[in-house]
Amino acid sequence: MPQGTLCNRQPITTEEALKTLLADKGGAIYYQEMKELDVDTDLLWDTVQKTCKSRTRTWLEICAHCGMCADSCLFYRCSGRDPEQVPAYKIQSTLGEIVKRKGRVDNAFMRRAMDYAWGRCTCCNRCGTFCPHGIDMGVMFSYLRGLLYSQGFVPWEMKIGAGMHRVYKAQMDVTSEDFVDTCEWMAEETEEEWPGLCIPVDEENAEVMYTLNAREPKHYPEDLAQAAILFHLAGVKWTVPSEGWEQTSLSMFAGDWEACRQQVTHVFDAIERLNPQLVIGTECGHAHRGTVIEGPYWAGRPDGKAPRPYIHYVQWLAQMLREGRIRIDPAKKIKEPCTLQDSCNYVRNHGLANYTREIMSYIAEDYREMAPNRENNYCCGGGGGLNGIGRYRKERNKVLMTKRDQILATGASLVIAPCHNCWDAIRDLEEEYHIGIKWSFLKPLIISMAIVPDHLKPQDGDDE
Amino acid sequence: MRDVYSLLTGPLLGISLLVFFGGMAWRIFWYIKGLDWRLERVAYRPYMKRGLKGAVQSIWRWLVPYGTHSWRQHPFFAGAFFLFHLGAIFVPLFLAGHMVIMERQLGFSLPALPQIVSDVLTLGTIAAGGFIIARRLALPEVRILTTLYDYFILCLSLAPFVTGFLAAANAPGYDFWLLLHILCGELFLILAPFTKLSHIALFFMSRGQLGMDYAIKRGGEFRGTSFPW
Ligand code: HEM
Ligand code: SF4
Ligand code: SF4
């Protein structure tokens, strides 16, 4: 059976191909073609032999089939304890079979594997911390995604997302010019209220280089303005690069490792070019994962580090508040009960739980922990790209129940979610289940509470 | 009878132990050799010290009964697991009867367990094995994972204990049970490196690797403490 015109093994590398694929609303033709897509079993087995080494093979082999990972997984919990949602089952019946059958699997197998890899796992890595052998199914699902991607069995939105990175160097169609325009526009808008504020583009040797999520310039430009305000308040000499500003990596969710490498290389090139002392990323979990945690490895850096110290927004905010460079008006602290969403990507997988809690200690009067929390927290339900895949919307909405119940148990009416995916998932869970909560990033909250020194306020008569 | 016995406790025992230890060493060698910092995305070398610390903590916490969230969340299974493994590891290593053979073959031996202790441990292992089998049959989330191979491994592990216990208890047909016990034990030793029982060595590799992963890449430098397993 042939390769489809839309659904095939080729990654998207041109704007034209990207537009054609986007024009296929919801991927109707794409998924139709997928039913006919052949599996290159030789290529599959060859890839497995080259990339499935002792760690993964040992995981697959020594799994005791004990089921201790079952209730660690939100999909299992939200499906009425469906045995087919046990992490070990999900991975053994997909990746395990591919290895066992030496790659000799057919189209139906691959489509089922796709539905499992993207529709039944958010790569939250929680199960791995519950397995006595230390078998991390989240890591294996991510690996499986790579195998499926290389054979063209990938959800429509993920194929597009990876294509966006390859074509626009961003997860959305925001070009370098669009981005710089947005910076200028936001600086102009904000300057009225914050005299002297600017959004410096491509300044060399700045204290800080800031990187973002393309959704911000595209859909929430005020987030960029808020970042500018907070840097302004803290008196930081900062800059954004005109190229290499996009920190996210939908290609990581898609399993397109070459696109991952390209994307992170754009950012690292910008760092080398502008030579900042420090790089700060926006309030996004997977962007941090893609560029700071995994990214250096895709870029081939043996020390596993970005070219300069590269921190998450919450690390920077915690430091600014601690050092009093941004000060909170005690009268304006959050009074209502509030809770905090721990992002899997930078809490379980990068140990930043203390930073967010430190921030909460400065800004909230009635802070309540979710249970479980920190490294042990559940995924919001929208991680790993699941938020964005229409084909698995039902599955996604179902697994939001875990977070819903966790939030309800705290009694909080405000959920602070310093991560784009978590923020979306919590917004959607409110839409779906109407539990009467609000949700927010940190930036707008901090701005609303910060003490503005007189010299930063608009002078009388400055404006009308 | 004497001839068969000497054969089983002499050359065949030697071969079994050689296969077991050689095989396990070989598994460990290939595990480590197969690690790839680019594929796993863990910079093992530059952060070896922090990594090894994470590995030791990860192994240690899981070897302490109820030492992790997961053990505490599965109290009955954890109990069975530790009861099973306590006997599985200590009885073969320190059984008085085994020490006699060791003394004869090697000229030295390890301190031996009092008979009553090894009896209790053996019964514990058998009982826990029974519980683990029953659990496999009873819980849907375990049943779906279970294959015949799992039962084979459980039987292979339990057989030396059941037969050994019968022999030690002087059950009718003592000679038969004794010879069968030795055969089962040697079969276990020979097969272990090539089956899931390789976990006896690979557990330390796999647990250690994840501990390194979390210590090196996944937050070790920010967490302030070791990963809260
Ligand atoms: C230092 C040595 C050992 C360590 C660290 C170890 C560790 C483990 C671990 C972590 C598991 C998975 C637990 C689970 O079932 O979820 C396991 C399972 C198992 N181990 Fe061991 N083990 C060791 C020695 C042994 C020995 C000597 C035997 C055999 C006599 C054995 C037989 C088994 C069996 C049969 C299972 C599967 C249990 C089941 O069906 O759920 N192990 N071991
Ligand atoms: S907890 Fe680990 S060993 Fe047990 S079934 Fe799950 S993956 Fe396998
Ligand atoms: S990584 Fe998370 S979502 Fe995926 S199987 Fe494990 S617990 Fe479930």
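Not measured: the values here are computed from a predicted model.

Rules of the game
Residues numbered from 1 in each chain as written. Chains lettered and ligands numbered in written order. Predicted model: local features only at pLDDT ≥ 70, side-chain atom pairs only at ≥ 80, totals over all residues. Heavy atoms only, no water. Near = heavy atom within 4 Å. Polar contact = N/O pair within 3.5 Å; in protein donor to acceptor, adjacent residues only side chain to side chain. Helix = DSSP H or I, 4+ residues; strand = E, 2+ residues; numbered from the N terminus. Nonpolar A, V, L, I, M, F, W, Y, C, P; charged D, E, K, R; others polar. Buried < 20%, exposed > 50% of the residue type's maximum accessible area, 1.4 Å probe, protein only. Contact = heavy atoms within 4.5 Å. Buried area = accessible area lost by both parts, 1.4 Å probe. Salt bridge = Lys/Arg side-chain N within 4 Å of Asp/Glu carboxyl O. Bend = angle between axes of the 7 residues up to and from the residue. Patch = residues over 30% accessible without salt bridge, like charges linked within 9 Å, V, L, I, M, F, W, Y side chains within 5 Å. Areas by Shrake-Rupley, 256 points an atom, 1.4 Å probe, with all protein chains shown as cover. Lys, Arg positive; Asp, Glu negative; His and termini not counted. Charge placed at Lys NZ, Arg CZ, Asp CG, Glu CD. Phe/Tyr/Trp six-rings, centres within 6.5 Å; stacked < 30°, edge-to-face > 60°. Lys NZ or Arg CZ within 6 Å of the ring centre and 35° of its normal. Domains from an automatic or database assignment.

1. Structural notes on the site of ligand 1
Residues in close proximity to ligand 1 total 21 residues, the closest being Cys66 of chain A together with His85, Arg136, His199 and Phe203 of chain B. Positioned at a junction of chains, ligand 1 has nearby residues supplied by chains A and B. Separating a nitrogen atom of ligand 1 from a side-chain N or O atom of His199 of chain B is a distance of 2.7 Å. Mapped onto the shell around ligand 1, the elements with two or more residues apiece are helix 6 (75-94), helix 8 (115-138), helix 10 (148-168) and helix 12 (199-216) of chain B. Class assignment of the residues belonging to the shell around ligand 1 gives a composition of 16 nonpolar, four polar and one charged.

2. Description of the environment of Ile182 of chain B
Residues and elements named next belong to chain B. Within the fold, Ile182 resides in helix 11 (residues 174-191). Accessibility expressed as a relative area gives 12% for Ile182, which makes it buried. Excluding anything up to four places from it in sequence, Ile182 contacts Tyr5, Leu8 and Thr9.

3. Some details on the site of ligand 2
Contacts to ligand 2 come from Cys63, Ala64, His65, Cys66, Gly67, Met68, Cys69, Ala88, Cys131, Pro132 and Met137 of chain A together with Leu145 of chain B. Flanking ligand 2 are residues from chains A and B. Looking at the shell around ligand 2 residue by residue, the class counts come to 10 nonpolar, two polar and no charged.

4. A word on the interface of chain A and chain B
Between chain A and chain B, the contact holds 55 residues from the first and 54 residues from the second. Both sides of the chain A and chain B interface together cover about 4600 Å² of buried area, and 56% of this is carbon and sulfur. Area buried by chain A at its contact with chain B is led by Arg55, His65 and Tyr297 of chain A, which between them contribute 16% of it. Run the count over chain A and chain B and you get nine salt bridges. Linking chain A to chain B there are 30 residue pairs in polar contact (both at pLDDT 80 or more). Secondary structure elements with two or more residues in the side of chain A that touches chain B: helix 3 (41-51), helix 4 (54-62), helix 6 (87-100), helix 16 (295-298), helix 18 (344-348) and helix 19 (353-363) of chain A. The element contributing the most residues to the side of chain A that touches chain B is helix 4 of chain A, with six residues. Tallied by class, the residues present in the side of chain A that touches chain B amount to 23 nonpolar, 18 polar and 14 charged.

5. Re helix 6 of chain A
Every α-helical turn comprises 3.6 residues, leaving residues that sit three or four positions apart pointing alike. Within helix 6 of chain A, the axis deviates most sharply at Ser93 of chain A, by approximately 35°. With its phi angle positive at about 50°, Lys102 of chain A sits one or two positions after the end of helix 6 of chain A.

6. Looking at a negative patch on the surface
Negative charge collects at one region of the surface, where Glu177, Asp178, Asp181, Glu184, Glu188, Glu189, Glu191, Glu192 and Glu193 of chain A lie side by side. Inspection of the secondary structure puts Glu188 of chain A in helix 10 (residues 176-191).

7. Concerning the packing of aromatic side chains
Aromatic ring pairs are defined here through the distance separating the ring centres and the angle between the ring planes. With the rule as written, the count across this model stands at 25 aromatic pairs over all chains. Where Tyr313 of chain A meets Trp316 of chain A, the ring centres are 5.5 Å apart and the plane angle is 50°; that geometry is what we call tilted. Pair noted here: Tyr313 of chain A and Trp316 of chain A are both in helix 17 (residues 313-322), with a separation of three residues, about one helical turn. Each member of the pair, Tyr313 of chain A together with Trp316 of chain A, is buried. An angle of 85° between the planes, with centres 5.1 Å apart, marks the rings of Phe203 of chain B and Phe204 of chain B as edge-to-face. Exposure remark for Phe203 of chain B: the relative accessible area of 10% places this residue in the buried category. Linked through ring pairs, Tyr210, Phe231, Trp238, Tyr313 and Trp316 of chain A together constitute an aromatic cluster. Above the plane of the ring of Tyr313 of chain A lies Lys443 of chain A, whose end atom (NZ or CZ) is 4.7 Å from the centre.

8. Focus on the domain arrangement of chain A
Residue and element names in this part refer to chain A. Assigned domains of chain A: these are domain 1 (39-154), domain 2 (166-319) and domain 3 (327-449). Computed over C-alpha atoms only, the centres of domain 2 and domain 3 are separated by 22 Å. Buried area between domain 2 and domain 3, summed over both chains or domains, comes out near 2300 Å², and the portion from carbon and sulfur atoms is 64%. Ranking the residues of domain 2 by area buried against domain 3 places Phe253, Glu283 and Val314 at the top, with a combined share of 26%. Our count for the domain 2 to domain 3 interface comes out at three salt bridges. Its salt-bridge partner being Glu283, residue Lys443 comes within 3.4 Å of it at the nearest N-O pair. Here domain 2 and domain 3 share 11 residue pairs in polar contact (both at pLDDT 80 or more) between them. Elements that contribute at least two residues to the side of domain 2 that touches domain 3 include exactly helix 11 (215-219), helix 12 (221-234), helix 15 (285-293) and helix 17. Considering each element in turn, the side of domain 2 that touches domain 3 owes the most residues, six residues, to helix 15. Looking at the side of domain 2 that touches domain 3, its residues break down into 13 nonpolar, eight polar and five charged.

9. Observations concerning the pattern of salt bridges
Residue and element names in this part refer to chain A. Scanning the model with the defined rule gives 39 salt bridges over all chains in all. Between Lys100 and Glu97 there is a salt bridge; the shortest N-O distance is 3.6 Å. Highlighted residues: Lys100 and Glu97, both in helix 6, separated by three residues, approximately one helical turn. Relative accessible area serves as the criterion here: at 63%, Lys100 is assigned to the exposed category. Linking Glu294 and Arg289 is a salt bridge whose minimum nitrogen-to-oxygen distance equals 2.9 Å. For Glu294, a relative accessible area of 2% gives the class buried. Residue Arg289 is classed as buried on the basis of its relative accessible area, which comes to 9%. Taken together, the shared-partner salt bridges in this structure form one network comprising Arg215, Arg393, Arg396, Asp424, Arg427 and Asp428.

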